[in-house]
Amino acid sequence: MRFSISGKVMLVYSLVFITIIFLSFWVSYTGTVGRLEQDLKNTHVALLKQIDDKIEIVFRQTEKDLLNMSQELEYVYFMYDSYDDAAQKYANFFGLSNKLKTVVHTNELFASIFLYSEVSGDILTDKTYMKRSDSEDSWLATYIKMKGHSKWLTTHKVWDGEKEQDVVTLIRSYPSISSPEYRKGLVAINISEDVLYRMIKDVYEEDQGGHTFIIDDQANIVTHDDATQLYKNLTHIPYIQQILSHNGSGYFTVKMEGIEQSIFYTASTYTGWRIVSVIPKSNVYQPLESIRSLMIAFAVGMVFLGLTVLFYVNRRTFKPLDRLAGKMSGAFKSVHPEEEPMRSAVGLGYLEMVFDQMFVDREQLEKQVRDSKPVLKWRIILDMLSGYRTEYASVRHHMEFTGVNLFSEWFVVCTAEIGKEGGVSLKDETLYTYALCNVAEELMNMENAGVAVDLGAGFAAIVFSFAEGDMEQNHLRALAVLELVLDVMKRQFGLQVTIGVGRCYQDMKDIPISYEESQKALQYKMVIGSHSVISIEDLLGHDNQDYYRMIKMTDRIVEALKQTESERLEGYITELFQEAVSGSLSPDLIRQLSYDLIMKSLQVVASIGINTEESLEEMGNLHQRIHQCDNWQDMQQIVKTVLEGLAGKIEGKRSQRGNNKTIDRLLLYIREHYRESEFSLELLSEKFQLNPSYISKLFKEYTEKNFIDYLIEIRINASKELLVVKNRKINDIAEWVGYTNTRSYLRAFKKYTGMTPTEYREWVLGFEANSASEQALMSKNPR
């Protein structure tokens, strides 16, 4: 067949045009659909990582809560089974159980808490107490020799004293860092399996048409959206084996029961668990169906339109290029969506709208990134303070993006607290903290580098970084800058800022240590006063064994303060300082001893209900006064004056309390029946038809002691009178004052007097003998 020139041109143009359209379509389809497919896969993996992040945050906070709880004194008594008698033991159990209940009730994530003492074999939970003999929950004891200091257990059933629950458990040894042979017990926090399932459910806003579950490294089910799958092992499933053989995150496709399924997974670096999502492949790519259909329709329409235009132009005119240029220039003119209806999906107007939307989305994304920089900065610094980020190289580009300026070494962390006369409102608190952070960053970055973030509740964290110098030099630099910060905040805002300063460390991984030291230093605001810079270097460590003995001696001083016995108080203070001087304690340790004694005394005053803030104002700047003392006698006089003032406040508080006939009748009955060995709070409540809690409250309010402490004190004082009789046996005295167990009596006497009954008897008889000798000598040699 012969073609005319126009026919050949039309044929060539048609082939070229169609080829270009199909190539363009293929490139667009591959680039768009292929990229969207990858984005969908990445989105599913990102959702799993989001679940992992949520679980990790919860679990890490659980570990922190557990460590904080293990520092409680009742916790230590329980683990070491260290009690003077059964009364103290069960009183300790009651207090510890209440604290466990408080922790569980204030944290909705916790199902229960178990404490296991290897020493006694007892188990205490927030709901029950079980001795070794009747405990059925021996599962905790099997982990006493576990490797490492903590362990997360996969889902298992636990009976907490009321009901049986499916829980995951964090077990931690006590002491917190100890080898298996030195452990005294374990503590376990149980988190309900339902909590983990809700974390998964909260991430997925809608049903994906598949299953999402968590397995441990042995393929045991931790949690599953199908509750019937709990406690099953999935090792026999091929794709589970493939998941366990890989670390990190990923996805792949398998065929199960004739249906292609997309498998997405991620491995937790914290627990080692795998979070798995199994979704039918058709459901995964369902969002692409409309895009695919749209692109195919667009391509077909373009081919049809192109061929029509090509044939028409070639047959009617010989100016296809001009007309095509005219059409293209007219098609790409900007059209406002509100001014012109949306064109057909096969028209160029639709493409223009798509591109416009892409630019709008890009601008919105840039705005979101700008707005999120402060939050990213806050998160990065908190991760560094908590020890989550410890490598400078891994966070450097994040810091550059958020505008954080830190060097790679030499870090000092400070904790600041703002205050103002008359208090600060919540709204002003946020603004003042923001101003403090800005002032601190401006002053730090003049010569060095640093960043400050708001911790909430009027607190801020300040991180210094230095490019040169040594540990001591950089610490002094930080203190100098902080003094300037205090001056600026006082002059410009009228704020009182107190700052605790940690030590200087070279590596970023030690930032949490410096942060913890700064918080410890800030606690000394009670003694040193507000609007000051308190360095951890000023608070000396108590490594001296004599110092520990001195601290123990302060207990009786505090007890004399509570009883407002002025002569005993003065004598004990004199004896304490004489012991400190004769023990060759350094001047700094004697100052520290004075600080600690005043702090313990303030805590006693606060427990009685006296405002310590007023007391501190009346005392003046104690830190400065004690620090400026040239000799220990002046320091002793300051401590004596402060404690006598506190004793006066206690007497004033008690005089305002008035009389209570009920407590008078209770005290009289106790003095008449304390010799009965079975005497207890329950018997007292039955006798007077009063609630035990009400009696306990009355005792605390009017005697400032617990019932059991008051009863022990009555018995010990009564035994002192009997010990004066030399021929009375200790066993008989113990039984006469209400103790059936002599060892319990000996422990109680030692605790309340600091001496054994025998030592007390010898001391009293020796004192009386000396007094008699002195009187006889005076009678022989009258003036």
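Rules behind the numbers
Residues numbered from 1 in each chain as written. Predicted model: local features only at pLDDT ≥ 70, side-chain atom pairs only at ≥ 80, totals over all residues. Heavy atoms only, no water. Helix = DSSP H or I, 4+ residues; strand = E, 2+ residues; numbered from the N terminus. Areas by Shrake-Rupley, 256 points an atom, 1.4 Å probe, with all protein chains shown as cover. Buried < 20%, exposed > 50% of the residue type's maximum accessible area, 1.4 Å probe, protein only. Pairing = 2+ DSSP bridges. Expected span 1.5 Å × (residues − 1). 1 Å grid on protein atoms, 1.4 Å probe; cavity = no way out; pocket = protein on both sides within 12 Å on 5 of 7 lines; lining within 4 Å. Points joined across faces, edges and corners; volume = space filled by probe spheres on them. Axes fitted to C-alpha atoms, helices over the stretch in contact; angles between N-to-C directions. Parallel < 35°, antiparallel > 145°, perpendicular 65-115°, else oblique. Left-handed = near helix turned anticlockwise from the far one by under 90°. Contact = heavy atoms within 4.5 Å. Salt bridge = Lys/Arg side-chain N within 4 Å of Asp/Glu carboxyl O. Core = buried A, V, L, I, M, F, W, Y, C linked by side-chain atoms within 4.5 Å. Polar contact = N/O pair within 3.5 Å; in protein donor to acceptor, adjacent residues only side chain to side chain. pLDDT = per-residue confidence, 0-100. Phe/Tyr/Trp six-rings, centres within 6.5 Å; stacked < 30°, edge-to-face > 60°. Lys NZ or Arg CZ within 6 Å of the ring centre and 35° of its normal. Nonpolar A, V, L, I, M, F, W, Y, C, P; charged D, E, K, R; others polar. Patch = residues over 30% accessible without salt bridge, like charges linked within 9 Å, V, L, I, M, F, W, Y side chains within 5 Å. Lys, Arg positive; Asp, Glu negative; His and termini not counted. Charge placed at Lys NZ, Arg CZ, Asp CG, Glu CD.

### Focus on the overall build of the protein
The secondary structure content of the protein amounts to 27 helices and 16 strands. Of the roughly 43600 Å² of accessible surface on the protein, a fraction of 53% belongs to carbon and sulfur atoms.

### Quick notes on the pairing of strand 7 (residues 211–215)
Counting buried residues in strand 7 gives 4 out of 5 residues, a clear majority hidden from the surface. In this structure, strand 7 lies alongside strand 11 (residues 274–280), joined through 5 bridges in antiparallel fashion. When the sheet's bridge partners are listed, Thr212 is paired in strand 11 with Ser277. For strand 7 and strand 8 (residues 221–224), the ladder comprises 3 bridges, and the chain directions are antiparallel. Along strand 8, the bridge assignment pairs Ile214 with Thr223. The hairpin turn running from strand 7 into strand 8, its antiparallel successor, is 5 residues long, and Ala219 in that turn takes a positive phi close to 70 degrees.

### A look at helix 24 (residues 707–723)
Residue pairs spaced three or four apart in an α-helix point in one direction, given the helix's 3.6 residues per turn. Given a rise of 1.5 Å per residue, 17 residues ought to cover 24 Å, and the 25 Å separating the end C-alpha atoms of helix 24 matches this to within 8%. Counting buried residues along helix 24, 12 of its 17 residues qualify, which places the element largely inside the surrounding structure.

### With respect to empty space enclosed by the protein
All told, the structure shown has 1 cavity of 30 Å³ or more when counted by the stated rule. Top contributing element to the lining of the largest cavity by residue count: helix 1 (residues 5–69), with 3 residues.

### A short note on the sheet that holds strand 10 (residues 259–267)
With antiparallel pairing, the 5 strands of this open sheet are ordered in space as 8-7-11-10-9. With one partner strand each, in any of the chains shown, strand 8 and strand 9 (249–256) form the two edges of the open sheet. On average, each strand axis in the sheet is tilted by 20 degrees relative to the strand beside it, whichever way the strands run.

### Structural notes on the packing of helix 11 (residues 426–447) against helix 12 (residues 471–493)
Contact geometry for helix 11 and helix 12: axes closest at 10 Å, N-to-C directions at 135 degrees. Judged on the interaxial angle alone, helix 12 and helix 11 are oblique. Like other packed secondary-structure pairs, helix 11 and helix 12 cross with a definite hand, here right-handed. Taking contact as the criterion, the partners of Tyr432, Ala435, Leu436, Val439, Ala440, Leu443 and Met444 in helix 11 are, on helix 12, Val481, Leu484, Val485, Val488, Met489 and Phe493.

### Observations regarding unusual backbone geometry
Backbone torsion omega between Tyr174 and Pro175 reads 0 degrees, so that peptide bond is classified as cis. Here Pro175 lies in the loop between strand 5 (164–174) and strand 6 (185–192). Backbone geometry places Asp81, a non-glycine residue, at a positive phi of 50 degrees. With respect to the element layout, Asp81 can be found in the loop between helix 2 (73–80) and helix 3 (86–106).

### Describing the pattern of salt bridges
All told, the structure shown has 16 salt bridges when counted by the stated rule. For Glu63, the salt bridge identified is with Arg172, shortest N-O distance 3.3 Å. Of this pair, Glu63 sits in helix 1 while Arg172 sits in strand 5, placing them 109 residues apart in sequence. You'll find Glu63 and Arg172 in the same group, each marked buried. Measuring nitrogen to oxygen at the nearest pair gives 3.0 Å for the salt bridge that ties Lys640 to Glu570. One end of the pair, Lys640, is in helix 20 (residues 632–657); the other, Glu570, is in helix 16 (residues 566–582), and 70 residues separate them in sequence. According to the relative accessible area criterion, Glu570 is partly exposed, its value standing at 36%. Overlapping salt bridges, with partners in common, bring together Asp81, Lys89 and Asp122 in one network.

### Re the environment of Asp81
According to the relative accessible area criterion, Asp81 is partly exposed, its value standing at 29%. Taking C-alpha positions, Asp81 is 6.4 Å from Val119, a pair spaced 38 residues apart along the chain. Apart from the residues within four sequence positions on either side, Asp81 is in contact with Lys89, Val119 and Ser120.

### Some thoughts on the nonpolar core
Core analysis: the largest hydrophobic core is formed by 40 residues, its most contacted members being Phe59 and Leu115. Mapped by element, the contributors of at least two residues to this core are helix 1, helix 2, helix 3, strand 1 (110–117), strand 5, strand 6 and helix 4 (193–203). Of all the elements, helix 1 adds the most residues to this core, at 9 residues. Beyond its immediate stretch of four places on either side in the chain, Phe59 contacts Trp152, Val168, Ile191, Leu196, Tyr270, Thr271 and Trp273. Counting 37 residues, the second-largest nonpolar core is a separate cluster that includes Leu593, Ile608, Ile626 and Met635.

### Topic: the environment of Asn445
Structurally, Asn445 is set in helix 11. Taking relative accessible area as the criterion, Asn445 reaches 31% and is therefore assigned partly exposed. On a C-alpha basis, the gap between Asn445 and Ser465 in space is 9.4 Å, while along the polypeptide they are 20 residues apart. Those residues in contact with Asn445 that lie beyond four places of it in its chain are Asn405 and Gly450. Side-chain polar atoms of Asn445 contact the backbone oxygen of Glu441, separated by 2.7 Å.

### Points about the confidence of the model for the protein
On average, residues of the protein score 78 in pLDDT, and 82% of them reach the 70 mark or higher. Predicted confidence in the protein is weakest over helix 8 (residues 320–331), with a mean pLDDT of 45, and strongest over strand 14 (residues 459–465), with 92. This stretch, residues 321–351, has a pLDDT under 50; its non-local contacts, to residues over four places away or in other chains, come to 28 contacts.

### Here's the deal with the sheet that holds strand 15 (residues 496–505)
Read from one edge to the other, the open sheet built from 5 strands follows the order 13-14-12-15-16, with strand pairing classed as mixed. The open sheet has two edge strands with one neighbour each: strand 13 (449–456) and strand 16 (533–535). Taking each pair of neighbouring strands and ignoring which way they run, the sheet shows an average axis angle of 20 degrees. Here 7 bridges tie strand 12 (residues 411–419) to strand 14, and the two strands are oriented antiparallel to one another. Across the sheet, Thr415 pairs through a bridge with Ala461, a residue of strand 14. Along the sheet, helix 11 makes contact with strand 12, strand 13, strand 14 and strand 15, crossing strand 13 at roughly 170 degrees.

### Some words on the packing of aromatic side chains
By the definition in use, this model includes 22 aromatic pairs. With centroids separated by 5.9 Å and ring planes inclined at 75 degrees, the aromatic side chains of Tyr90 and Phe93 adopt a geometry described as edge-to-face. With Tyr90 and Phe93 both in helix 3 and 3 residues apart, this pair spans about one turn of that helix. With relative accessibility at 39%, the residue Tyr90 sits in the partly exposed group. The class of Phe93 is buried, set by a relative accessible area of 4%. Ring pairing ties together the aromatic residues Tyr77, Phe78, Tyr83, Tyr90, Phe93 and Tyr129, which thus form one cluster. When the ring centre of Tyr739 is taken as origin, the NZ or CZ atom of Arg715, which lies over that ring, is 5.5 Å away.

### Examining the packing of helix 21 (residues 661–673) against helix 22 (residues 681–688)
Packing of helix 21 against helix 22 brings their axes to within 12 Å, and their N-to-C directions diverge by 125 degrees. If you check the angle between helix 21 and helix 22, you find them oblique. Crossing geometry of helix 21 relative to helix 22 is assigned as right-handed. Listed contacts from helix 22 to Arg665, Leu666, Tyr669 and Ile670 of helix 21 are Leu684, Lys687 and Phe688. The residue makeup of the contact of helix 21 with helix 22, split by class, is 5 nonpolar, no polar and 2 charged.

### Quick notes on a negative patch on the surface
The grouping of Glu421, Glu613, Glu614 and Glu617 at the surface amounts to a negative patch. Assignment of secondary structure puts Glu613 in helix 18 (residues 612–619).

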